[in-house]
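Coordinates in review
One letter stands for each residue in the lines below.
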Amino acid sequence: MGAIASIISQYQWKQVIAIYVDDDYGRGGVMALGDALAKRKCKIAYKAKLPPGAANTTVEDILMQVNEMESRVYVIHVNPDSGLNVFRAAKSLGMMNSGYVWIATDWLSAVIDSSVYGNPDMMELTQGVLVLRQHVPDSDIQKALLSKWNNLTRNGNAYSMRAYDSVWLVAHAVERFLSEGNAISFSADPNLVAAKGSSLQLDSLRIFNNGNKLLEKVWSVNFSGVSGPVQFSVDRSLIYPAYDILNIGGTGLRTIGYWSNFSGLSVVAPENLNSSALNSSTNNVQLHSVIWPGQISEKPRGWEFSYHGKPMRIGVPLRTSYKEFVMQDDGPDGVKGFAVDVFKAAISLLPYPVSCNFVLFGDGLKNPSYSDLVQKVSENYFDAAIGDIAIVTNRTRLVDFTQPYIESGLIIVAPAKEVESNAWAFLKPFTFQMWCVLGVIFLFVGAVVWVLEHRTNTEFRGPPRQQIMTVCWFSFSTMFFAHRENTVSALGRFVLLIWLFVVLIINSSYTASLTSLLTVQELTSGIQGLDSLISSSSAIGYQVGSFSRNYLVDELNIPESRLVPLNSPSDYARALEQGSGNGGVAAIIDELPYVEIFLSKYCKFKTVGQVFTKSGWGFAFPRDSPLAEDLSTAILTLSENGNLQRIHDEWLSGTECSADNNGDVSNSLSLSSFWGLFLICGLACLLALVIFFLRIFCQYSRYSSEVEVQFPEPQIVNRPARLTTIKSLISFVDKKEEEVKNVLKKRPNGSQHPSIGDSQHPSMGNTATEEQSTLPT
């Protein structure tokens, strides 16, 4: 039975039907089969027991009952004397055709090996059947025996070799028993007393003395026989039990693989795997191809609908609101909607026909309980349930769901009010941090331009107060491109070019953001999120029949007294408008697809926060239903080829207003949107300042040398001191560029010395006069 369970698992079948003889042999085998299947997460769907020596009519009646069931995988565990009657009845009922799987235990191989050569009737009855046969490895001793055996009997099979080794097993045990000095003797058993009026003469029976010692010798025997090694384990089981897996086809049997408790399924003989690694490349392919009943090579699905023309009963919720998902219809199906179209499209992709009969569930006065609908499926009142059924934990314990065909989850809907624009609306396009940074960078760029233009541009010179005003005016006037000062230095023009580009971007962003804030109305609500809603004492609405009520009570611990059942979108709107203190609700918690439809029609409400549960909608089927797996594959196919989105757009699009505008999202632009521009501008300013001051330091060094040469100390009494201090450097920077160049152009070979005005001591700062006077030579 371990070998059969491995075969079932290999072909990914989940359920089998066991057909067995109702005696100790059959019942023990089926019990072992159930245990072996349970280890591989499979099970016996039904146990069909045959009375010993059952008549053909009885066998046919039992097979007819089995054929009405869903599973098409049959395990046959019967006696060799009447086992062929099962296949004979199955063939007459059409159960040996394609789609069926028959697996027989080793009784069938014993019958075939013991029958007349190529019995055509027997082979015709069992075409496509998988059979187990006890594995007998090839050996020299076996070949020597078979050469003699064939002269005495027809052929030697696995059972005859086991019988031959059993005789030698007893012989070895008796020999060891006698070699230890034990005697063979018998004695009467006082417990065996002749019954009155019975002819059995039980008192004449004798028991073997020292029988326990002989039995110990049997269990301890270890030798190599014609069927392989003969040795028993501690639990008195034969070591390395193995089976050949055979496939009946044509007039013979074909070996498709092997099984042993050591190596499992394999295409390599078990004796070749006992000493090698089980993960070797020779053990990757587990079984060879099979010719199944009906002469097909494709693996059977292993199950069929058991309705035989009777359509499946599909439960459909009779909704009274949000009928876009499912509603009653006058058509032949009686229902229509988004969920119904998805189900029909998925069914059409299945490789087999499925007949359905849609049955409405509900009273039509309010939305039905979806948990009750799922319960009906688990009780087999419905064969399946379709519609907007949320896949939640307590429901998955009862039924199997398909792949979700739409995403869902709970979200909060709250009332909102319009906020009029105020007198300070012009500040909203930028955040407070952004305004502060803008002010600082405006002044910084103005100061950089002033430094670069001060020596060469007369518009940036003058008294300190005038220069400060010039810096401030120039900085902020660039925002409107209204600055009147011209830049003449190359570095100043470079910085101004970068800065004007930054100003252009800032102006454009501010205009766009302000326009959006003034034209799009902002919605606000007193509910800030799920935590504030839970901590308050306000009433909360939920949809009748939805799982949201159980979630609010069981998971969020919200008292039932705060919950208000609502049935339709108009009830939603009315309750939200009234408010919690006036008989309404402060907010509604519902699933996302319903909320999207509600907000598309009632634009004055909004969602608060994000979806706080993640789930989806699927179709419910009974546990272990193979149709759920096939439909999941079909739903994924619909999603990949775009048909799922097409169905969605057909039923759930074309709304009056968009729910996306209801989000509580700030439209203010933050610093993160412009830090790249500010970084470029700052780097340009720093680069210009570095170049400017390097040039100043070079000029300062040359200027100091020229002054010492042109004005030796004996000739000029009032000659300025050496320009070495920081104050002197600042005074030098404050000089006009033209003055510095004139000094650097004078040569000491009798040329005219600079005037007093041109050679003012740097310590005099900005008091140098603009007029020049010529010193006497």
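Refer to the structure presented above.
None of these values were measured; they are calculated from a predicted model. (Residues numbered from 1 in each chain as written. Predicted model: local features only at pLDDT ≥ 70, side-chain atom pairs only at ≥ 80, totals over all residues. Heavy atoms only, no water.)

Some words on the packing of helix H4 (residues 83-92) against helix H5 (residues 106-114)
Rules: Helix axes are fitted to C-alpha atoms over the stretch in contact, other axes to C-alpha atoms as well, and angles between N-to-C directions run from 0 to 180 degrees. Under the DSSP-based scheme used, a helix requires at least four consecutive residues in state H or I and a strand at least two consecutive residues in state E, with every element numbered from the N terminus. Roughly parallel means an angle under 35 degrees; roughly antiparallel means over 145; roughly perpendicular covers 65 to 115; every other angle is labelled oblique. Contact between two residues is taken to exist if any of their heavy atoms lie within 4.5 Å; hydrogens are not considered. Classes in brief: Ala, Val, Leu, Ile, Met, Phe, Trp, Tyr, Cys and Pro nonpolar; Asp, Glu, Lys and Arg charged; the others, Gly included, polar.
Relative to each other, H4 and H5 sit at 95 degrees, their axes nearing to 10 Å. One element, H4, and the other, H5, form an angle in the roughly perpendicular class. Across from Gly83, Leu84 and Phe87 in H4, the residues of H5 making contact are Trp107, Leu108 and Val111. When the residues that make up the contact of H4 with H5 are grouped by side-chain class, the tally is five nonpolar, one polar and no charged.

Quick word on the sheet that holds strand E11 (residues 252-260)
Which entries qualify depends on this criterion: Two strands form a pair only when DSSP identifies at least two bridges running between them.
If you trace the eight strands from one edge of the open sheet to the other, you get E2-E1-E3-E4-E5-E10-E11-E12, paired in mixed fashion. If you trace the sheet from one side to the other, it starts and ends with strand E2 (43-50) and strand E12 (264-266), each paired once. Across the sheet, the mean angle separating the axes of adjacent strands is 25 degrees when strand polarity is ignored. The pairing of strand E5 (residues 130-134) with strand E10 (residues 242-249) spans five bridges and is antiparallel. Across the sheet, the residue bridging to arginine 133 is aspartate 244, located in E10. Along the sheet face, helix H1 (residues 2-10) touches strand E1 (15-21), strand E3 (73-77), strand E4 (101-104), E5, E10, E11 and E12 and points at about 145 degrees away from the line of E5. Here helix H2 (residues 24-39) sits on the sheet and contacts E1, E2 and E3; the angle it forms with E1, its principal contact strand, is near 165 degrees.

Some remarks on the side chain of threonine 402
The criterion, for reference: The buried label goes to any residue with under 20% of its type's maximum accessible area, the exposed label to any with over 50%, and the partly exposed label to all in between, with areas taken from a 1.4 Å probe on protein chains only.
By the element assignment, threonine 402 lies in the loop between strand E18 (400-401) and strand E19 (406-408). The class for threonine 402 is buried, based on a relative accessible area of 5%. Residue contacts for threonine 402: discarding those within four places in its chain leaves Ile391, Gly618, Phe619, Phe621, Ala628, Leu631, Ser632 and Ile635.

Things to note about helix H17 (residues 548-555)
Basically, it comes down to this: Note that the arc is defined by the directions from the helix axis to the C-beta atoms.
Of all the positions in H17, only Ser548, Leu552 and Val553 are classed as buried. The buried side chains of H17 occupy one side of the element, clustering within an arc of 130 degrees when seen end-on. Opposite its buried face, H17 presents the exposed residues Asp554 and Glu555, each directed more than 90 degrees away. Contacts made by the buried residues of H17 are with strand E20 (410-415), strand E23 (540-543), strand E24 (563-566) and strand E25 (587-591).

Notes on the pattern of salt bridges
What counts, and what does not: When a carboxyl oxygen of Asp or Glu is within 4 Å of a side-chain nitrogen of Lys or Arg, the pair counts as a salt bridge.
Enumeration over the complete set of coordinates arrives at 16 salt bridges. The partner of arginine 319 in a salt bridge is aspartate 388, and the shortest N-O contact between them spans 3.0 Å. Of the two residues, arginine 319 sits in the loop between strand E13 (312-317) and strand E14 (327-328) while aspartate 388 sits in strand E17 (residues 384-390), which places them 69 residues apart along the sequence. Grouping residues by exposure puts arginine 319 and aspartate 388 together as buried. Measuring nitrogen to oxygen at the nearest pair gives 3.9 Å for the salt bridge that ties lysine 336 to aspartate 329.

Side note on the packing of helix H10 (residues 338-348) against helix H21 (residues 643-652)
As a reminder of what qualifies: Two helices crossing with the near one rotated counterclockwise from the far one by less than a right angle form a left-handed crossing, whereas a clockwise rotation gives a right-handed crossing.
Their axes nearest at 9 Å, the elements H10 and H21 cross at an angle of 155 degrees. Taken as axis vectors, H10 and H21 run roughly antiparallel relative to one another. Both H10 and H21 take part in a crossing whose hand is right-handed. Every residue of H21 that contacts H10 at Phe338, Asp341, Val342 and Ala345 is listed here: Leu644, Ile647, His648, Trp651 and Leu652.

Notes on the nonpolar core
Convention followed: Only buried residues count toward a nonpolar core, which is a set of Ala, Val, Leu, Ile, Met, Phe, Trp, Tyr and Cys residues joined through side-chain atoms within 4.5 Å.
Among the nonpolar cores identified, the biggest contains 82 residues, and Phe343, Tyr405, Phe598 and Phe621 are the most heavily contacted of them. Here this core takes eight residues from H10, the largest share from any one element. In terms of nonpolar packing, the next biggest core, distinct from the first, is built from 33 residues, Phe87, Met95, Leu108 and Met123 among them.

Section: the packing of aromatic side chains
How we decide: Side-chain rings of Phe, Tyr and Trp, where Trp is taken by its six-membered ring, are said to pair if the distance between their centres is within 6.5 Å; with planes under 30 degrees apart they count as stacked, over 60 as edge-to-face, and otherwise as tilted. By definition, being over a ring means that NZ of Lys or CZ of Arg is both within 6 Å of the ring centre and within 35 degrees of the ring normal.
In the structure shown here, the tally under the stated rule is 29 aromatic pairs. Centre to centre, the rings of tyrosine 381 and phenylalanine 382 are 4.8 Å apart; their planes meet at 75 degrees, and the pair counts as edge-to-face. Classification of tyrosine 381 as partly exposed rests on a relative accessible area of 45%. The exposure class assigned to phenylalanine 382 is buried, which follows from its relative accessible area of 1%. If you follow arginine 301 out to its NZ or CZ, it ends over the ring of tryptophan 303, 4.8 Å from the centre. It is arginine 301 that lies over the ring of tyrosine 352; its NZ or CZ is 4.0 Å from the centre.

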